[in-house]
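The lines below spell out each chain.
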Amino acid sequence: MNKIILKARGQQFEYFCPSNVTLLKAARDQFIPIPTGCIRGGCGMCKVKVLDGKFEQEMIRSHDALSDEELVKGFALACCMKAKGDIEIITIEDYEKVQQESSKSISGRN
Amino acid sequence: MARVMRIGRVELKVLDLEKSVDYYTNVIGLEETGRMGNSVYLKAWDEYDHHSVILTKSNSAGLAHIAFKVETLDDLAYYERKVEEFGCTTTRISKGTRLAEGEAVHFILPTGHHCELYHEIDILGTAVGNLNPHPWPLGKKGIAPHRFDHCLLTGDDLKTVTRFFIEALDFRQSEKITTVDGEELLGSFLFTTNKAHDLAFVKGPDTKLHHAAFHVDSLHDVFKAADLLSMYEVPFDVTPTRHGITRGETIYFFDPSGNRNEAFAGGYIAYPDMPTITWTEDKIGQGIFYHRRELSESFMKALT
């Protein structure tokens with residue numbers, strides 16, 4: 001069992017996920033409100049940034065949903081990724097909010 | 001008088017071609033009618049043209065193009081001029097570019113989607129033929145819809161795209177969704193046949209596909225489609241319900257590339273003189289899902 005820390009919808013969730021189950025499926029099974037779309041790697045709704053930990057990402061996916069560049073930068077699709085150990089992830093929605101807030105606070109200091 | 005007869009084909013981008021062909025032939029129940037390059041051509045059993053669905057291998061999902069069939073070659077030239085007059089640039093796609101098709105007129109919609117008009121396409125005939133036909137063929141597979149029915153696309157400027165279809169292509173608007181004050185257009189349902197919609201738009205990012213729909217006979221067939229989708233472990237977006245808009249019975253699900261499909265039944269007959277039905281934003285939940293009466297995040301945001 002891998003321990004998952006998920007930041008989503010401005011909250012933090014912790015759950016356990018077996019190595020053969022996707023991070024999205026395990027979250028949904030535990031009623032954790034992870035953004036969910038096509039579950040096929042096509043729409044990109046479940047895109048997350050991996051903050052810490054190792055994972056396996058299904059390579060056949062829409063490059064509009066997850067580009068090669070994003071993959072290199074540690075983004076992944078929760079519907080087609082599996083954890084290889086404990087992992088910490090944040091939804092793209094929350095990640096972008098955090099980025100905006102930190103850029104605001106930097107410009108505020110100037 | 002010139003007429004756009006129907007939405008004749010949809011070309012979908014798919015990630016894994018063979019997996020997609022397996023899904024569209026065995027789960028949806030279309031028939032494969034040919035292959036060319038990275039594309040596979042399919043038709044429903046009750047359609048007579050060579051194909052209505054083209055699956056093309058790509059590294060992203062979504063819509064490659066939609067195309068409307070016009071009644072004659074003269075109509076093709078007529079609408080080519082009308083599209084140009086509206087301000088969209090047209091180009092001719094030559095015969096043989098795709099399998100079994102003649103020339104087509106290509107243009108980009110104000111919402112960024114690729115669209116074509118055509119008249120010529122090979123005819124294969126329906127699976128029951130046209131001499132003393134049985135009502136349906138033996139040995140149908142999967143959901144086995146009668147036909148490809150309509151598409152819902154997303155875009156930013158719905159007023160202009162609506163005006164395009166009405167002014168350039170002689171479509172009519174059966175229903176619309178507006179803000180409560182009626183100022184902004186959030187949804188637009190358009191028809192050129194007597195179906196409640198042949199093509200629809202909802203407010204959202206340009207160039208995206210919301211869904212491609214297939215026509216089945218009845219609510220019972222929608223329910224049976226749901227059974228089949230569970231047997232094949234196809235992910236659902238929405239289980240069987242009714243639309244307020246169009247009054248159709250529906251189920252939504254995703255193809256192997258994440259493109260949303262719908263099995264759609266019923267809906268009223270649309271006449272050219274019908275007044276446009278208006279839904280206001282505060283009742284949109286009921287308009288889209290008549291029973292649940294609220295929208296879902298996946299239905300609103302999952303696009304390809």
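Residues numbered from 1 in each chain as written. Chains lettered and ligands numbered in written order. Predicted model: local features only at pLDDT ≥ 70, side-chain atom pairs only at ≥ 80, totals over all residues.

1. Comments concerning the overall build of chain B
Filter applied, for reference: Only runs of H or I of at least four residues qualify as helices and only runs of E of at least two qualify as strands under DSSP, and these elements are numbered from the N terminus. The globule rule used here is 2.2 Å times the number of residues to the 0.38 power, and the radius of gyration it is set against is calculated over C-alpha atoms. Any residue surrounded by 20 or more other C-beta atoms within 10 Å of its C-beta is treated as buried, while 12 or fewer makes it exposed and the intermediate range makes it partly exposed; C-beta atoms here are placed from the backbone. What counts as a contact here is a pair of residues whose C-beta atoms, placed from the backbone, lie within 7 Å.
Summing up its helical and strand segments, chain B has six helices and 17 strands in all. By the compact-globule yardstick of 19 Å for 304 residues, chain B fits well, its C-alpha radius of gyration being 18 Å. With the C-alpha coordinates of chain B rotated into their principal frame, the extents come out at 50 × 45 × 45 Å. By the burial criterion, 47% of the 304 residues in chain B qualify as buried. Sequence separation of at least 24 residues holds for 65% of the intrachain contacts in chain B that already meet a minimum separation of 6.

2. Section: the overall build of chain A
A count of helical and extended segments in chain A gives three helices and seven strands. When the helices and strands of chain A are placed in sequence order, the string is β-β-α-β-β-α-β-β-β-α. Computed over its C-alpha atoms, the radius of gyration of chain A comes to 14 Å, within 12% of the 13 Å expected for a compact globule of 110 residues. When its C-alpha atoms are laid out on the principal axes, chain A stretches across 50 × 30 × 25 Å. Here chain A, with 110 residues, has 43% of them falling under the buried criterion.

3. What to know about the interface of chain A and chain B
Here is the rule: Residues are sorted three ways: Asp, Glu, Lys and Arg are charged, Ala, Val, Leu, Ile, Met, Phe, Trp, Tyr, Cys and Pro are nonpolar, and all the rest, Gly among them, are polar.
Taken together, the contacts link 15 residues of chain A with 17 residues of chain B. Looking at the side of chain A that touches chain B, its residues break down into six nonpolar, six polar and three charged.

4. Details of the nonpolar core
Buried together is how nonpolar side chains tend to be arranged in soluble globular proteins. To be explicit about the condition: Nonpolar core, as used here: buried Ala, Val, Leu, Ile, Met, Phe, Trp, Tyr and Cys residues forming one set through C-beta atoms within 7 Å.
In terms of nonpolar packing, the biggest core is built from 110 residues, with A:Leu23, A:Leu77, A:Ala78, B:Val53, B:Leu117, B:Ile143 and B:Phe214 touching the most fellow members. Not counting residues within four places of it along the chain, the set of residues in contact with A:Leu77 comprises A:Gly41, A:Gly44, A:Cys46, A:Lys47, A:Gln57, A:Arg61, A:Ala65 and A:Leu66.

5. A word on the pairing of strand β5 (residues 62-70) of chain B
All names here are of chain B. How we decide: When DSSP locates at least two bridges between a pair of strands, those strands are taken to pair.
Burial analysis of β5 places eight of its nine residues in the buried class, which makes it a mostly covered element. Of the strand pairs in this sheet, strand β1 (residues 4-14) and β5 are connected by eight bridges, and their pairing is antiparallel. Residue pairing in the sheet places Val4 in a bridge with Val70 of β5. Of the strand pairs in this sheet, β5 and strand β8 (residues 114-118) are connected by four bridges, and their pairing is parallel. Looking across to β8, one finds that Lys69 is bridged to Tyr118.

6. Remarks on the domain arrangement of chain B
Size of an interface: often given as the accessible area lost when the parts come together. Residues and elements named next belong to chain B. Rules: An automatic or database domain assignment supplies the start and end points of every domain.
You can read the domains of chain B as domain 1 (4-118) and domain 2 (147-301). Measuring from the centre of the C-alpha atoms in domain 1 to the corresponding centre in domain 2 gives 20 Å. On the domain 2 side, the residues contacting the 31 residues of domain 1 number 34 residues. Every element with two or more residues in the side of domain 1 that touches domain 2 is listed here: β1, α1 (17-27), β5 and α2 (73-86). Looking at the side of domain 1 that touches domain 2 residue by residue, the class counts come to 19 nonpolar, six polar and six charged.

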